[in-house]
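Inside the fold
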Amino acid sequence: MEIAKRLNGIGEYYFSQKLREIDGLNKEGKNIINLGIGSPDMPPHPDVIKVLQDEVAKPHVHAYQSYKGSPLLRKAMSDWYKKWYGVDLDPETEILPLIGSKEGIMHICMTYLDEGDEVLVPDPGYPTYSAAVKLAGGKSVEYKLQEKNNYEPDLEKFDKKKLKKVKLLFVNYPQMPTGQQPSKQLFEKLVAFAKKYKILIVHDNPYSFILNSNPMSLLSVEGAKDCVLELNSLSKSHNMAGWRVGVLCGAKDRINEVLKFKSNMDSGTFLPVQLAAAKALSLDKEWYDEVNTVYWKRREKVFEILNLLQCSYSMDQAGMFVWAKVPEHYKDGYELSDDMLYHANVFITPGGIFGKAGKKYIRISLCSPEEKLNEAIERIQKINHDRS
Ligand SMILES: Cc1ncc(COP(=O)(O)O)c(C=O)c1O
């Protein structure tokens with residue numbers, strides 16, 4: 001059977017392919033330490049689990065749910081945005097709970113893109129942006145993020161004539177994979193740019209609570225609701241990646257536009273999951289501090305690994321990864337990654353999978369316990385010793 005043309009050029013997601021290879025190596029007895037994927041390995045808060053357990057036992061919770069999500073969850077999301085980002089959102093009209101923010105990226109593309117519409121996507125950046133644009137029939141145009149510019153887009157350099165075709169601009173701060181944190185000035189510049197060129201900005205914001213003392217929302221910029229949709233997620237901030245709870249925030253009209261598509265795609269989220277998510281969003285600072293203490297310690301170990309590999313990196317990165325430049329003796333991040341996978345049995349993500357601008361980099365995840373990181377350190381030390 002011939003598959004639809006829209007899938008031409010869409011490869012299998014890199015990690016799904018790589019995990020298969022790692023599985024194969026493990027079957028050969030290699031015991032690979034996977035420092036690649038960013039799925040939190042710690043559980044959610046016990047109170048969150050308790051709400052799920054209690055709710056699931058009730059008789060009335062098993063039906064289809066509202067397409068707009070439970071009012072209780074929308075209120076919790078609105079309160080969360082007010083408390084942590086200082087942003088006012090009407091829980092009735094400006095919030096749309098999602099089944100994870102990845103799905104939201106697709107919903108937005110399907111809602112706004114016609115054949116040939118262009119979308120600016122970051123390079124390096126989350127590969128799902130360009131895949132979703134393509135699947136929706138649009139054309140993604142990469143904009144480069146460079147270390148020398150603090151991984152901020154050089155808005156002045158964008159070709160003004162070409163901007164006519166651009167409908168959406170994807171941004172993501174704290175940025176994945178580079179760990180770059182946003183500044184108020186950057187956010188203000190982005191909003192001014194979007195207004196001037198009549199572009200809708202999609203800000204993907206799942207990492208603002210990880211190793212970051214100042215969570216920021218692009219919607220906190222005055223007038224941002226006119227030109228910004230923001231995606232957020234409980235996957236990383238609340239250790240709930242498998243639960244699939246995200247949120248789309250923005251102006252009432254935008255939310256209704258996206259809902260028009262989304263309500264034809266899925267039929268809502270299981271109510272106990274929504275109620276447990278509401279509980280998670282009500283947790284206080286202690287929760288985030290606890291999670292970050294663990295990541296903090298792990299990051300010290302990752303710095304040790306990077307030192308052993310002679311990589312250079314900023315110590316001031318937010319999010320669940322460390323982004324680092326590979327030393328000259330490797331051609332690029334792919335070569336380093338293969339070297340470590342086949343000789344040290346340690347998997348590290350090559351930066352090139354996030355775009356051409358990431359080729360000389362690697363990304364190490366903080367989602368492995370310290371013991372695993374220590375073991376990776378020992379394996380790499382052994383290689384270094386054998387090679388010296
Ligand atoms: C930048 C970025 N955006 C979105 C997502 C998707 O998160 P979710 O679990 O909410 O779908 C990820 C997950 O890895 C991510 O790295």
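Details of the structure are given in the entry above.
Description of the structure in this document.

Turning our attention to the overall build of the protein chain. Scanning the protein chain for helices and strands turns up eleven helices and 13 strands. Radius of gyration (C-alpha) of the protein chain: 21 Å, near the 21 Å computed for a compact globule of 388 residues. Burial analysis of the protein chain (388 residues in total) assigns 54% to the buried set. Taking the contacts inside the protein chain whose residues are at least 6 apart along the sequence as the reference set, 75% of them involve residues at least 24 apart. Here the protein chain displays about 18,000 Å² of accessible surface, and carbon together with sulfur accounts for 52% of that area. Here the protein chain contributes 53 positively and 51 negatively charged side chains, and the mean placements of these two sets differ by 4 Å.

A separate point is the sheet that holds strand β13 (residues 361-365). Pairing within the open sheet is antiparallel, and its four strands lie in the order β9-β10-β13-β12. What marks the edges here is a single partner per strand, and that holds for β9 (312-313) and β12 (349-350). Taken together, the two bridges between β9 and strand β10 (residues 321-325) define a ladder with antiparallel strand orientation. Each residue of the ladder has a partner; that of Tyr313, found in β10, is Ala324.

Opposite charge on two side chains makes pairing possible when the charged atoms of those side chains draw close. For the structure shown, the criterion picks out 23 salt bridges. Glu94 is the salt-bridge partner of Lys225, the closest N and O atoms lying 3.1 Å from each other. Of this pair, Lys225 sits in the loop between β6 (200-204) and β7 (228-233) while Glu94 sits in the loop between α3 (71-85) and β2 (95-98); the two residues are 131 residues apart in sequence, bridging distant segments of the chain. Where Glu103 meets Arg244, a salt bridge forms, and the shortest distance between an N and an O atom there is 3.1 Å.

Let us now look at the site of the ligand. Around the ligand sit 14 residues in total, of which Asp204, Tyr207, Ser233, Ser235 and Arg244 are the nearest. One nitrogen or oxygen atom from the side chain of Tyr207 is found 2.7 Å from an oxygen atom belonging to the ligand. A class-by-class count of the residues in the shell around the ligand yields five nonpolar, five polar and four charged.

Applying the stated rule across the entire model yields 17 aromatic pairs. Between the aromatic rings of Trp80 and Tyr81, the centroid separation amounts to 5.8 Å while the plane-to-plane angle is 75°, which identifies the pairing as edge-to-face. Assessed through its relative accessible area of 1%, Trp80 is described here as buried. Its relative accessible area of 1% is what places Tyr81 among the buried residues. Aromatic side chains Trp84 and Tyr288 sit 4.9 Å apart centroid to centroid with 70° between the ring planes, which places their arrangement in the edge-to-face category. Within this pair, whereas Trp84 is found in helix α3, its partner Tyr288 is found in helix α9 (residues 285-308), the two being separated by 204 residues in sequence. Comparing Trp84 with Tyr288 shows no difference in burial state: the two are buried. Among the aromatic residues, those joined into a ring-pair cluster are Trp80, Tyr81, Trp84, Tyr85, Phe209 and Tyr288. Over the face of the ring belonging to Trp296 we find Arg299, whose NZ or CZ atom lies 5.2 Å from the ring centre. Sitting over the ring of Phe321, Arg363 keeps its end group 3.5 Å from the ring centre.

Okay, the side chain of Ser70 next. Within the secondary structure, Ser70 sits in the loop between α2 (46-56) and α3. Overall, Ser70 belongs to the buried group, its relative accessible area being 7%. If near-sequence neighbours (up to four positions away) are discounted, Ser70 is found in contact with Leu271, Gln274 and Leu275.

Attention now moves to the sheet that holds strand β3 (residues 118-123). Pairing is mixed across the open sheet formed by seven strands, whose spatial order is β2-β8-β7-β6-β5-β3-β4. Either end of the sheet is taken by a strand with one partner, and the two such strands are β2 and β4 (139-144). Strand-to-strand twist across the sheet, computed as the mean angle between neighbouring axes with direction ignored, equals 20°. Two elements, β2 and strand β8 (residues 246-249), share four bridges in a ladder whose sense is antiparallel. Bridged to Leu96 within β8 is Leu248.

It is worth spelling out the packing of α3 against helix α8 (residues 271-281) at this point. With their axes 9 Å apart at the nearest point, α3 and α8 run at an angle of 20° to one another. Looking at the two axes, α3 sits roughly parallel to α8. Considering how the two elements wind past one another, α3 and α8 form a crossing that is left-handed. Across from Leu72, Leu73, Ala76, Met77 and Trp80 in α3, the residues of α8 making contact are Gln274, Leu275, Ala277, Ala278 and Leu281. The class makeup of the residues in the contact of α3 with α8 is nine nonpolar, one polar and no charged.

For β6, the tally of buried residues reaches five of five residues, placing the bulk of the element in the interior. Residue alternation in β6 divides its side chains into two sets, Leu200, Val202 and Asp204 and Ile201 and His203, and both sets are buried. Of the pairings in the sheet, the one linking strand β5 (residues 166-171) to β6 comprises four bridges and is parallel in character. Looking at the pairing, Leu168 lines up with Leu200 of β6.

Rules of the game
- Residues numbered from 1 in each chain as written.
- Predicted model: local features only at pLDDT ≥ 70, side-chain atom pairs only at ≥ 80, totals over all residues.
- Heavy atoms only, no water.
- Helix = DSSP H or I, 4+ residues; strand = E, 2+ residues; numbered from the N terminus.
- Rg over C-alpha atoms; globule rule 2.2 N^0.38 Å.
- Buried < 20%, exposed > 50% of the residue type's maximum accessible area, 1.4 Å probe, protein only.
- Contact = heavy atoms within 4.5 Å.
- Areas by Shrake-Rupley, 256 points an atom, 1.4 Å probe, with all protein chains shown as cover.
- Lys, Arg positive; Asp, Glu negative; His and termini not counted.
- Charge placed at Lys NZ, Arg CZ, Asp CG, Glu CD.
- Pairing = 2+ DSSP bridges.
- Salt bridge = Lys/Arg side-chain N within 4 Å of Asp/Glu carboxyl O.
- Near = heavy atom within 4 Å.
- Polar contact = N/O pair within 3.5 Å; in protein donor to acceptor, adjacent residues only side chain to side chain.
- Nonpolar A, V, L, I, M, F, W, Y, C, P; charged D, E, K, R; others polar.
- Phe/Tyr/Trp six-rings, centres within 6.5 Å; stacked < 30°, edge-to-face > 60°.
- Lys NZ or Arg CZ within 6 Å of the ring centre and 35° of its normal.
- Axes fitted to C-alpha atoms, helices over the stretch in contact; angles between N-to-C directions.
- Parallel < 35°, antiparallel > 145°, perpendicular 65-115°, else oblique.
- Left-handed = near helix turned anticlockwise from the far one by under 90°.

All quantities given are derived from atomic positions and should not be read as evidence of function.
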